[in-house]
Amino acid sequence: MNWNFLKTEIEPGDFLIDCRSQSAYEEETLEGAYYYPFIKKAFGSDPESQKKLYGPMAAVVQEFQKSKKTRIIVFDEGMGMFSTRMVYLLRGMGIKDAYVLGQKWPVEGKKAKGELKIEPPIADKTKPIEGVVDKAFMERNLTKLQIFDARTMDEYEGRLPRLTAPEEGTLCGRLPGAFLWDWRNLYDGEANLIERSLFKKRLNGFPFMPERPTVIYDYNGARSCLLALMLREAGYIDVTTYQGSWFEWRKSNLPKQAVAVFGAKQGATAAAPRVGGVDRKKV
């Protein structure tokens, strides 16, 4: 796996963050690993929501700096959405030596029961996190952006509002002009990240240009972060994630495509899918 944001080994001076479930963490984790529940939550992009995200992120950075350790290694079950989200946000906060552990759990290392679960405070004030945009930015620039939807085909085509625990009566759909790149297709059959060369080959199947602003969204801002990390290493210059994603956009009066109400009898409104990639069956 030739991705620079992955590290395959853990070193003594690493600050460890476990992004698996809370129950798994409490049962057994790597000795000294922290657990931050906020990383699994959905956040809007209004000022109050930004405080709820920025405060915890600032607390993680402060804890790392206080530890005097040299880099941050984040892990979950295996290079998944929450470890990549944490790394993406840490880099946006200025911590460049933050990496995803390129191993699947269980990993080698001394284990212990997880006891460093921290619920950081909400910030009084907020600052922009590099690489993260809000709903106002999306509304202003919607027609100028290259947009990737990192959800599944069912979500993209308006059949499901979200992949897990969809609630009846919830609005389904997508942002106008978005192209689908199912987050699951960033992995191979062994649940490892695909090689950079294959990623670039599939990327060439989209009508996108590396120099144009590219925004990625999903349901709650988690799945999009892995694709953002990969696009940056593939040479894309201006890559951001939309923090509110469909969780926020569906509640607005902004334009939408493939709109349907989950559980209702009527189907989604007709809108041709925009699916890129060399092998369309896999993307």
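Refer to the structure above for everything that follows.
We now turn to the structure provided with this report. (Residues numbered from 1 in each chain as written. Predicted model: local features only at pLDDT ≥ 70, side-chain atom pairs only at ≥ 80, totals over all residues. Heavy atoms only, no water.)

### Regarding the nonpolar core
(1) Moving on: Within the largest apolar cluster, 58 residues are counted, with the highest numbers of intra-cluster contacts made by Ile17, Met86, Leu90, Phe148 and Phe199.
(2) Moving on: Among the elements that line this core, the one with the most residues is helix α7 (residues 223–233), at seven residues.
(3) Moving on: Leave out the neighbours within four places in its chain, and Ile17 touches Tyr34, Tyr36, Val60, Ile72, Ile73, Val74, Phe75, Met86 and Leu90.
(4) Moving on: Counting 14 residues, the second-largest nonpolar core is a separate cluster that includes Met138, Leu142, Tyr242 and Leu254. (Core = buried A, V, L, I, M, F, W, Y, C linked by side-chain atoms within 4.5 Å. Buried < 20%, exposed > 50% of the residue type's maximum accessible area, 1.4 Å probe, protein only. Helix = DSSP H or I, 4+ residues; strand = E, 2+ residues; numbered from the N terminus. Contact = heavy atoms within 4.5 Å.)

### Quick notes on the packing of aromatic side chains
(1) Moving on: Per the counting criterion, the structure on display carries 19 aromatic pairs.
(2) Moving on: With a centroid separation of 5.6 Å and an interplanar angle of 5°, the aromatic rings of Phe75 and Trp105 are classed as stacked. You can see Phe75 sitting in strand β4 (residues 71–75) and its partner Trp105 sitting in the loop between β5 (98–101) and β6 (111–112), a full 30 residues away along the chain.
(3) Moving on: Overall, Phe75 belongs to the buried group, its relative accessible area being 1%.
(4) Moving on: With 6.0 Å between their ring centres and 85° between their planes, Tyr242 and Trp249 make a pair best called edge-to-face.
(5) Moving on: On the basis of relative accessible area, Tyr242 is assigned to the buried category, the value being 0%.
(6) Moving on: Classification of Trp249 as buried rests on a relative accessible area of 0%.
(7) Moving on: Positioned above the aromatic ring of Tyr99, the side-chain terminus of Lys7 is 4.8 Å from the ring centre.
(8) Moving on: Directly above the ring of Phe247 sits Lys251, whose terminal nitrogen or CZ lies 4.4 Å from the centroid. (Phe/Tyr/Trp six-rings, centres within 6.5 Å; stacked < 30°, edge-to-face > 60°. Lys NZ or Arg CZ within 6 Å of the ring centre and 35° of its normal.)

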